[in-house]
Amino acid sequence: MTTVIGALLIAAGFNLFLIPHQLLSGGVSGLSMLTGYFTPLSIGILYFVYNVPMLIAGWFLLGRRFILLSIVSVAAVTALIAIVPERMVANDPILSSVFGGILVGVGAGISFRVGGSSGGFDILGSIVTRYRDFPVGSVLVALNALVILAMGYLQNDWNLALLSMVSIYITGKVVDMIHVSHTKVTLFIISSDTEKLLERLLQIERGVTRIPAEGAFSHAKKDMLMTVTTRYELAELKRIIKEADPNAFVNIVETVGVMGSFRKRSV
């Protein structure tokens, strides 16, 4: 349901603010709009078709759950673009670029927060941020530069191109406010079933440290596991811990910075 709400906000940003002024959202959606402006093809259908190779790449690099949620988002956006009426809410293209960017950013951010994405360059951005420590929104802004240049060249209207750049920039900043995947957190996990939990945790590409511990009151010997991850991966990590040991005690603290090999499997 949350994914559909995010998709609705994205579709509203497109049809109520960006498309009526022939502005771009950037990325795959921007390519869809740009193609739709110069051909009779449906922007919604183009959005879906252009997303297919991105979803296939993400399936192998980002995991099934992420891509399944992304598929739901892409399908919902495609359907809602056809349902939400295309109407010019604001006559001023500047206001439209700003509020269109905000709506699309909130929608995409919601998709990220629930563990998926709105497809397109969001998936490429997620791939980059999983293997390189950059904010998602900043990555999307960089990826969208080529789309903006193409728009300015093809339409020969750099005013629209610059306004589209404003919209994309706002979208990226809103995504970063909602989804802070580059923020690190440290988990201290005390479990009665350390081996089973370790078997699951060692499948992720983050270091895990095993620290001998003793209960202050019970004097029971246990192991404490420590791992550093990103907020993006935190939801998946919580799910793994809950499945392996529902009674595990987990202390999650925000990490100021990380030095050394962040992706190392053992510490």
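Preceding this paragraph is the structure being described.
A few points on the structure. Note that this is a predicted model, so its numbers are computed, not measured.

Overview of the overall build of the protein chain
Part 1 of the reasoning: Within the protein chain, the secondary structure is distributed over 10 helices and four strands.
Part 2 of the reasoning: Reading the protein chain from its N terminus to its C terminus gives the helix and strand order α-α-α-α-α-α-α-α-β-α-β-β-α-β.
Part 3 of the reasoning: Each of the 267 residues in the protein chain was classed as buried or not, and the buried ones make up 49%.
Part 4 of the reasoning: Long-range contacts, defined as pairs at least 24 residues apart, comprise 73% of the intrachain contacts of the protein chain with a sequence gap of at least 6.
Part 5 of the reasoning: For the protein chain, the exposed area adds up to about 13400 Å²; of that, 65% sits on carbon and sulfur atoms.

Here we look at the environment of Gly 207
Part 1 of the reasoning: Structurally, Gly 207 is set in the loop between helix H9 (194-201) and strand E2 (208-214).
Part 2 of the reasoning: According to the relative accessible area criterion, Gly 207 is buried, its value standing at 10%.
Part 3 of the reasoning: As for Gly 207 and Thr 229, which are separated by 22 residues in sequence, their C-alpha atoms are 8.7 Å apart.

Focus on the side chain of Asn 51
Part 1 of the reasoning: Tracing the backbone shows Asn 51 in helix H3 (residues 43-61).
Part 2 of the reasoning: Given a relative accessible area of 0%, Asn 51 falls into the buried group.
Part 3 of the reasoning: If we ignore the near neighbours within four places in the chain, the residues touching Asn 51 are Val 28, Val 74, Gly 119 and Gly 120.

Some thoughts on helix H8 (residues 158-178)
Part 1 of the reasoning: End to end, H8 covers 30 Å across 21 residues, agreeing with the expected 30 Å (1.5 Å per residue, within 8%).
Part 2 of the reasoning: Where H8 is concerned, the buried positions are Leu 160, Ala 161, Leu 163, Ser 164, Ser 167, Ile 168, Ile 170, Thr 171, Gly 172, Val 174, Val 175 and Asp 176.
Part 3 of the reasoning: Put simply, Asp 157 is the residue that caps the front of H8, since its side-chain oxygen is 3.1 Å from the backbone nitrogen of Asn 159.

Side note on the packing of helix H1 (residues 2-18) against helix H5 (residues 93-113)
Part 1 of the reasoning: It is at 7 Å that the axes of H1 and H5 come closest, and there the two elements cross at 165°. Judged by the angle between their axes, H1 and H5 are roughly antiparallel. The way H1 lies across H5 gives a crossing that is left-handed. Between H1 and H5, the contacting residues are Thr 2, Gly 6, Leu 9, Ile 10, Ala 12, Gly 13, Phe 14, Phe 17 and Leu 18 on the first element and Ser 96, Ser 97, Phe 99, Gly 100, Leu 103, Val 104, Val 106, Gly 107, Ala 108 and Ile 110 on the second.
Part 2 of the reasoning: In the contact of H1 with H5, the residues fall into 12 nonpolar, seven polar and no charged.

Structural notes on the sheet that holds E2
Part 1 of the reasoning: Pairing in this open sheet of four strands is antiparallel, and the strands run E2-E3-E1-E4 from one edge to the other. The sheet is open, and its two borders are formed by E2 and strand E4 (249-255), each paired with just one other strand. Pairwise comparison of adjacent strand axes, ignoring direction, gives a mean angle of 25° for this sheet.

Some points on the nonpolar core
Generally speaking, soluble globular proteins have nonpolar side chains that are buried together.
Part 1 of the reasoning: Counting residues in hydrophobic clusters, the biggest one holds 36 residues, and the most contacted among them are Phe 14, Leu 24, Met 33, Val 77 and Ile 123.
Part 2 of the reasoning: Those elements that place two or more of their residues in this core are H1, helix H2 (27-38), H3, helix H4 (64-83), helix H6 (121-131), helix H7 (136-155) and H8.
Part 3 of the reasoning: In terms of nonpolar packing, the next biggest core, distinct from the first, is built from 15 residues, Leu 197, Leu 201, Val 208 and Ala 248 among them.

Quick notes on unusual backbone geometry
Part 1 of the reasoning: At Gln 22, a residue that is not glycine, the phi angle is positive and equals roughly 55°.
Part 2 of the reasoning: Within the secondary structure, Gln 22 is located in the loop between H1 and H2.

Observations concerning the side chain of Ser 25
Part 1 of the reasoning: One can find Ser 25 in the loop between H1 and H2.
Part 2 of the reasoning: Look at Ser 25 and you get buried, because its relative accessible area is 7%.
Part 3 of the reasoning: Among all residues touching Ser 25, those that are not within four sequence positions of it are Phe 14, Leu 18, Gly 30, Met 33, Val 104, Asn 144 and Ile 168.

Examining the packing of aromatic side chains
Part 1 of the reasoning: Under the criterion given, the structure shown has two aromatic pairs.
Part 2 of the reasoning: Measuring from ring centre to ring centre gives 6.4 Å for Phe 14 and Tyr 47, while their planes differ by 70°; the resulting arrangement is edge-to-face. Highlighted residues: Phe 14 in helix H1 and Tyr 47 in helix H3, separated in sequence by 33 residues.

Describing H5
Side chains three or four residues apart in an α-helix point the same way, a direct result of the helix having 3.6 residues per turn.
Part 1 of the reasoning: Between its first and last C-alpha, H5 extends 30 Å over 21 residues, near the 30 Å set by a 1.5 Å rise per residue.
Part 2 of the reasoning: The complete set of buried residues in H5 reads Ser 96, Ser 97, Gly 100, Gly 101, Val 104, Gly 105, Gly 107, Ala 108, Gly 109, Ile 110, Ser 111 and Phe 112.
Part 3 of the reasoning: The N-cap of H5, judged by a side-chain oxygen 2.9 Å from the amide nitrogen of Ile 94 a few residues on, is Asp 92.
Part 4 of the reasoning: At the C-terminal side of H5, Gly 115 shows a positive phi close to 105°.

Section: the environment of Phe 112
Part 1 of the reasoning: Mapped onto the elements of the fold, Phe 112 is located in helix H5.
Part 2 of the reasoning: In the structure, Phe 112 is positioned 46 residues away from Phe 66 in sequence and 9.0 Å away in space, judged by C-alpha atoms.

Calculation rules
Residues numbered from 1 in each chain as written. Predicted model: local features only at pLDDT ≥ 70, side-chain atom pairs only at ≥ 80, totals over all residues. Heavy atoms only, no water. Helix = DSSP H or I, 4+ residues; strand = E, 2+ residues; numbered from the N terminus. Buried < 20%, exposed > 50% of the residue type's maximum accessible area, 1.4 Å probe, protein only. Contact = heavy atoms within 4.5 Å. Areas by Shrake-Rupley, 256 points an atom, 1.4 Å probe, with all protein chains shown as cover. Expected span 1.5 Å × (residues − 1). Polar contact = N/O pair within 3.5 Å; in protein donor to acceptor, adjacent residues only side chain to side chain. Axes fitted to C-alpha atoms, helices over the stretch in contact; angles between N-to-C directions. Parallel < 35°, antiparallel > 145°, perpendicular 65-115°, else oblique. Left-handed = near helix turned anticlockwise from the far one by under 90°. Nonpolar A, V, L, I, M, F, W, Y, C, P; charged D, E, K, R; others polar. Pairing = 2+ DSSP bridges. Core = buried A, V, L, I, M, F, W, Y, C linked by side-chain atoms within 4.5 Å. Phe/Tyr/Trp six-rings, centres within 6.5 Å; stacked < 30°, edge-to-face > 60°.

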